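# A closer look at the structure
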Amino acid sequence: ILEEADFKGEDFNLFQVAGQKCLEDGYAAQLLEVIQNEKNKVIIKNMGWNLISPLVRCIFMYKQEDDKREHCLRILDQLAQLCNPKELFLGLLEQIEQTSGEQVCQTVMLLLQPLQTVLLKLQNKKAYSVGLSLAMIMNQLTPLPVPYTKQQIQEDKLGLCRCCNAVVDFAKPFVNEVVKNMEKSSEYNDMELKEELIKFCMKSLKYPLLTAQLEQLEGIEEHPFQHFATEIIDILWNIRELIPLVFIPHKGRSPPWENQEFADIERQNSADSLACLSYLMFVQHFGVECFPMVFSPSYLLLCNMAHIEVLLKRTEESVLSKGLDLFESCLLRMEDNSLLHHYLEFRVFINVSQDLVKIMTLCPMENMRKKSLNILQLFIDKFDTEGKYTLFRCLLKTSNHAGVEGYIIKNIKDQIHLALTKEWDNVWFTGHHLISLLDLVLSLPEGAETDLLQNSDRIMASLNLLRYLVIKDCESDNQTGVWTTLGKIKQNFLKPLRVGLNMSKAHYEAEIKNKKENRKEAHSSNPVCSVTVSGEKMPAMTTGMQLQVLHSALFTFDLIESVLARVEELIEGKTKGVMDENS
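Let me sum up the structure you'll find in this document. Please read these numbers as outputs of a predicted model, since none were measured by experiment. (Residues numbered from 1 in each chain as written. Predicted model: local features only at pLDDT ≥ 70, side-chain atom pairs only at ≥ 80, totals over all residues. Heavy atoms only, no water.)

### Focus: the overall build of the chain
- On a plain count of helices and strands, the chain comes out with 24 helices and two strands.
- Per-residue burial for the chain yields a buried fraction of 47% across its 583 residues.
- Residue pairs at least 24 apart in sequence account for 74% of intrachain contacts in the chain once pairs closer than 6 positions are excluded. (Helix = DSSP H or I, 4+ residues; strand = E, 2+ residues; numbered from the N terminus. Buried < 20%, exposed > 50% of the residue type's maximum accessible area, 1.4 Å probe, protein only. Contact = heavy atoms within 4.5 Å.)

Shown next, in the form of structure tokens:
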């Protein structure tokens, strides 16, 4: 039995080898007695931390009900009480860092209690050590897949759900310490521990909460991720950082990095975390009882638009759906026509509308496409008249999708109808403002050579709008200004459309004739046409399938032609009627 100063390097090795041998050979009970022996307290204090690695291995080796496992757990508890806190802290962190795969959550949950005990004993660099522990634990958990379906959450195969909630319990004494110090002094200056807790909450918001399923699931009484989210919100509220993080986004930013790449990663991580926090607050209503009910719906929308943009740019369903839900929640708080057009001066409002269009047209998930379309309509409905007008112009110029353009043109028609039927003046959807908008709507992108099939949705919507204007607005009234600009409409839209239709129909009719002749000549060989989409070869098309597609195209051209003929007939009839009246 030596004093601390007399220990040599070989003594440490001998102790570790002997302790490991005892554990591996099943002598955990005897080793526990050695550790509990008062005579050995000096050697245990200085060398005990070396037993952490073999101890963890043995704990996982024994079954839950095995007495030897219980002895090992008691040894771990004794080491937490007796060892030098600084050395044991490093030993525990090293063990957490070295674990991987399926054992990550098991190891973390096993070592949380001794790690907490050691940290509470530390006097120097306590905040740094707590921060290092939480960062190490979250870094180890982050590569693990987050359970998403009801079955995955119930199974919790890797133990992530339980582990996350155990980590929050681990942090509570340090939260209480910060709260107690803040209560003692209104000018609480020791910000280090508080900052470390904020970092932990921010990391937790990004993982696992950003990708977690947070809706209430039938059959799960206490949803583990809902519980975890509640605890994280509670920590932020208790340390007085919840409201500043929601309304002062830079609060979540770390100090600037010299390396630009690191700075960009940190900025993105912070943006993801704050977006998740807003989702929890405004959609799931976590912490809503703490929320001051003094903000206008339009201000809340403005505060959340940057978060919505962050979420809508992601492609994972679990994140994208949070962005759509947050946007919808903010819009539903508002009355129709209450959002001032000035908000479109914020670039983020335009960006988000364009992101919605991308989801509507490119997202592979049908439910997301449909939801984004509904939210776009909700967004349009909330703007005042000038806001609607500005948004329509923007989307017509930027969407580059005939279906979306057709949808916007239908909205323009609805606004014109309101303008013509309401008693109050609407300067944005009548007169010179409307004429400017019609220049965008009643035109063909490439004149007579425009791909009519590709642009059929837009062309049909434009023709229907023009038909409505000619019927509804008399030439003598000319409220919309359509009769003033009729010559331009004919030149830029109706004439090129008629020429384009004739060319397209002739081309497709010739194609059908060729296909039929070729099929007769090579009937026995059943020729096929190969189609490639995004670099992948699709199943071959038979001649019969190709003919079906060509006939479908002709049907579309006939449909466009019938509406075009009706529009021309209406214009001619109204113009002739006015001329007869004048004569």
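### Re the packing of helix α10 (residues 160-184) against helix α11 (residues 192-209)
- As a packed pair, α10 and α11 sit with axes 10 Å apart at the nearest point and diverge in direction by 155 degrees. By the angle class used here, α10 and α11 are roughly antiparallel. By crossing handedness, the relation of α10 to α11 is classed as left-handed. Packed against α10, whose contacting residues are Leu-160, Cys-164, Val-167, Val-168, Ala-171, Phe-174, Val-175, Glu-177, Val-178 and Met-182, the element α11 presents Leu-193, Lys-194, Leu-197, Phe-200, Tyr-207 and Pro-208 at the interface.
- When the residues that make up the contact of α10 with α11 are grouped by side-chain class, the tally is 14 nonpolar, no polar and two charged. (Axes fitted to C-alpha atoms, helices over the stretch in contact; angles between N-to-C directions. Parallel < 35°, antiparallel > 145°, perpendicular 65-115°, else oblique. Left-handed = near helix turned anticlockwise from the far one by under 90°. Nonpolar A, V, L, I, M, F, W, Y, C, P; charged D, E, K, R; others polar.)

### With respect to the environment of His-417
- Summarising the element assignment, His-417 is placed in helix α20 (residues 402-421).
- For His-417 and Tyr-468, which are 51 residues apart along the polypeptide, the C-alpha to C-alpha distance reads 8.8 Å.

### A short note on the environment of Leu-396
- Secondary-structure assignment places Leu-396 in helix α19 (residues 385-398).
- Separated by 45 residues in the primary sequence, Leu-396 and Val-441 place their C-alpha atoms 7.9 Å from one another.
- Apart from the residues lying within four places of it in its own chain, the contact partners of Leu-396 are Glu-405, Ile-408, Ile-409, Ile-412, Leu-437, Leu-440 and Val-441.

### Let's talk about the side chain of Asn-165
- Looking at the element boundaries, Asn-165 is found in helix α10.
- Within polar-contact distance, the side chain of Asn-165 engages the backbone oxygen of Cys-161 at 3.1 Å.
- One polar contact links the side chain of Asn-165 to the main-chain amide nitrogen of Phe-228, over a distance of 3.3 Å.
- With residues up to four places along the chain from it excluded, the contact list for Asn-165 reads Pro-224, His-227 and Phe-228. (Polar contact = N/O pair within 3.5 Å; in protein donor to acceptor, adjacent residues only side chain to side chain.)

### Considerations on the packing of aromatic side chains
- Per the stated rule, a full pass over the model turns up 17 aromatic pairs.
- Here the aromatic residues Phe-327, Tyr-343, Phe-346, Phe-349, Phe-379 and Phe-383 are joined through ring pairs into a cluster of three or more.
- Directly above the ring of Tyr-468 sits Lys-413, whose terminal nitrogen or CZ lies 5.3 Å from the centroid. (Phe/Tyr/Trp six-rings, centres within 6.5 Å; stacked < 30°, edge-to-face > 60°. Lys NZ or Arg CZ within 6 Å of the ring centre and 35° of its normal.)

### Observations regarding the side chain of Asp-473
- With respect to the helices and strands, the residue Asp-473 is situated in the loop between α22 (456-472) and α23 (486-521).
- Buried charged residue Asp-473 carries no salt bridge. Nearest counter-charge: Lys-574, at 7.6 Å.
- Within the structure, Asp-473 has its side chain in polar contact with the backbone nitrogen of Asn-478 (distance 3.4 Å).
- A distance of 3.0 Å separates a polar atom in the side chain of Asp-473 from the backbone nitrogen of Gln-479.
- Not counting residues up to four positions away in its chain, the partners in contact with Asp-473 are Tyr-468, Asn-478, Gln-479, Thr-480, Gly-481, Val-482, Trp-483 and Lys-574. (Lys, Arg positive; Asp, Glu negative; His and termini not counted. Salt bridge = Lys/Arg side-chain N within 4 Å of Asp/Glu carboxyl O.)

### Some details on unusual backbone geometry
- The omega torsion across Tyr-207 and Pro-208 is 10 degrees, close enough to zero to call that bond cis.
- Residue placement: Pro-208 occurs in helix α11.
- A positive phi angle, close to 45 degrees, is found at Asp-156, a residue other than glycine.
- Looking at where Asp-156 falls in the secondary structure, it is placed in the loop between α9 (150-155) and α10.
- Non-glycine residue Arg-240 carries a positive phi angle of around 65 degrees.
- By the secondary structure assignment, Arg-240 is in the loop between α12 (224-238) and α13 (242-247).
- Residue Arg-240 is classed as partly exposed on the basis of its relative accessible area, which comes to 47%.

### Overview of the nonpolar core
- Counting 182 residues, the largest nonpolar core has Leu-141, Phe-200, Leu-280, Phe-327, Phe-349, Leu-463 and Leu-497 as its most contacted members.
- With 13 residues, α10 is the largest single contributor of residues to this core.
- In contact with Leu-463, not counting residues within four places along its chain, are Phe-493, Leu-494, Leu-497, Ile-560, Val-563, Leu-564 and Val-567. (Core = buried A, V, L, I, M, F, W, Y, C linked by side-chain atoms within 4.5 Å.)

### Focus: helix α7 (residues 104-121)
- With 18 residues, α7 extends 25 Å from end C-alpha to end C-alpha; this agrees with the ideal 26 Å at 1.5 Å per step.
- Leu-112 marks where α7 bends most, by close to 40 degrees; the proline Pro-114 follows one to four residues later.
- Of all 18 residues making up α7, 13 are buried, and the element is well covered by its neighbours. (Expected span 1.5 Å × (residues − 1). Bend = angle between axes of the 7 residues up to and from the residue.)

### Examining the pattern of salt bridges
- For the structure shown, the criterion picks out 23 salt bridges.
- Residue Lys-172 is joined to Asp-169 by a salt bridge in which the shortest nitrogen-to-oxygen separation is 3.3 Å. Here the residue Lys-172 and the residue Asp-169 both occupy positions in helix α10, the gap between them amounting to three residues, near one helical turn.
- We classify Lys-172 as partly exposed; its relative accessible area is 31%.
- With a relative accessible area of 41%, Asp-169 lands in the partly exposed category.

### What to know about α10
- When the terminal C-alpha atoms of α10 are compared, their 37 Å separation across 25 residues agrees well with the 36 Å that a helix rising 1.5 Å per residue should span.
- The principal kink in α10, of about 35 degrees, is found at Lys-172, preceding the proline Pro-173 by one to four residues.

### Description of the packing of helix α8 (residues 126-141) against α11
- It is at 8 Å that the axes of α8 and α11 come closest, and there the two elements cross at 10 degrees. When the axis of α8 is compared with that of α11, the two are roughly parallel. Residues Ala-127, Val-130, Gly-131, Leu-134, Ala-135, Met-138, Asn-139 and Leu-141 of α8 touch α11, and the partners they reach there are Glu-192, Leu-193, Glu-196, Leu-197, Phe-200, Lys-203, Ser-204 and Tyr-207.
- When the residues that make up the contact of α8 with α11 are grouped by side-chain class, the tally is ten nonpolar, three polar and three charged.

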